[in-house]
Amino acid sequence: QVQLVESGGGLVQPGGSLRLSCAASGSIFSINAMGWYRQAPGNQRDMVAGITTGGSTNYAVSAKGRFTISRDNAKNTVYLQMNSLKPEDTAVYYCNAGVEVVVGDDYDFWGKGTQVTVSS
């Protein structure tokens, strides 16, 4: 079994910053791509940022220039640095990872989410 645990969410004022972390643990042979998604009430879950094992990144248009995704492969952890936050960034943020539990056998795992609220 694999667990993804997010942390770092909270309440921040517009223009502020937050850093989210997501640590993977359990039966892990290797981790492929990792990413962050978000879901606001009444909306679908959308990709925010993704990162490959080698460090290649991609971002949603709304996140480019403000958010930075990074990972520490030794710690099985992915981060999301969010700057210049806006009220429309308010959502539950979910971590996602493609995990090989044994060689050649990989699955998609999700964390339970962390709330980010941007409000004055």
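Details of the structure are given in the entry above.
Residues numbered from 1 in each chain as written. Predicted model: local features only at pLDDT ≥ 70, side-chain atom pairs only at ≥ 80, totals over all residues. Heavy atoms only, no water.

### Here's the deal with the state of the cysteines
In step 1: Within this structure, the stated rule accounts for 1 disulfide.
In step 2: In this model, C22 is linked to C95 through a disulfide, with the two sulfur atoms separated by 2.1 Å. Classification of the bridge connecting C22 and C95 rests on its S-S torsion, roughly -80°, and on that basis the disulfide is left-handed. Of this pair, C22 sits in strand β3 (residues 18–26) while C95 sits in strand β9 (residues 91–102); the two residues are 73 residues apart in sequence, bridging distant segments of the chain. No difference in accessibility class separates C22 from C95, as the two residues are buried. (Disulfide = S-S within 2.5 Å. Helix = DSSP H or I, 4+ residues; strand = E, 2+ residues; numbered from the N terminus. Buried < 20%, exposed > 50% of the residue type's maximum accessible area, 1.4 Å probe, protein only.)

### Notes on the side chain of R71
In step 1: When you line up the elements, R71 lands in strand β7 (residues 67–72).
In step 2: Buried charged residue R71 carries no salt bridge. Nearest counter-charge: D72, at 8.2 Å.
In step 3: Within polar-contact distance, the side chain of R71 engages the backbone oxygen of N32 at 2.8 Å.
In step 4: One polar contact links the side chain of R71 to the main-chain carbonyl oxygen of I51, over a distance of 3.3 Å. (Lys, Arg positive; Asp, Glu negative; His and termini not counted. Salt bridge = Lys/Arg side-chain N within 4 Å of Asp/Glu carboxyl O. Polar contact = N/O pair within 3.5 Å; in protein donor to acceptor, adjacent residues only side chain to side chain.)

### Some remarks on the pairing of strand β1 (residues 2–7)
In step 1: Only one face of β1 is buried: it carries V2, L4 and E6, and the other face, with Q3, V5 and S7, is open.
In step 2: The sheet contact formed by β1 and β3 spans 6 bridges and is antiparallel. Looking at the pairing, S7 lines up with S21 of β3. (Pairing = 2+ DSSP bridges.)

### Some remarks on the packing of aromatic side chains
In step 1: All chains considered together, the criterion is met by 1 aromatic pair.
In step 2: Centre to centre, the rings of Y37 and W110 are 4.9 Å apart; their planes meet at 65°, and the pair counts as edge-to-face. In this pair, Y37 is assigned in strand β4 (residues 30–39) and W110 in strand β10 (residues 105–110), connecting sequence segments 73 residues apart.
In step 3: Relative accessible area serves as the criterion here: at 22%, Y37 is assigned to the partly exposed category.
In step 4: It is R19 that lies over the ring of Y79; its NZ or CZ is 4.1 Å from the centre.
In step 5: Taking NZ or CZ as reference, R45 lies 4.7 Å from the ring centre of W110, over its face. (Phe/Tyr/Trp six-rings, centres within 6.5 Å; stacked < 30°, edge-to-face > 60°. Lys NZ or Arg CZ within 6 Å of the ring centre and 35° of its normal.)

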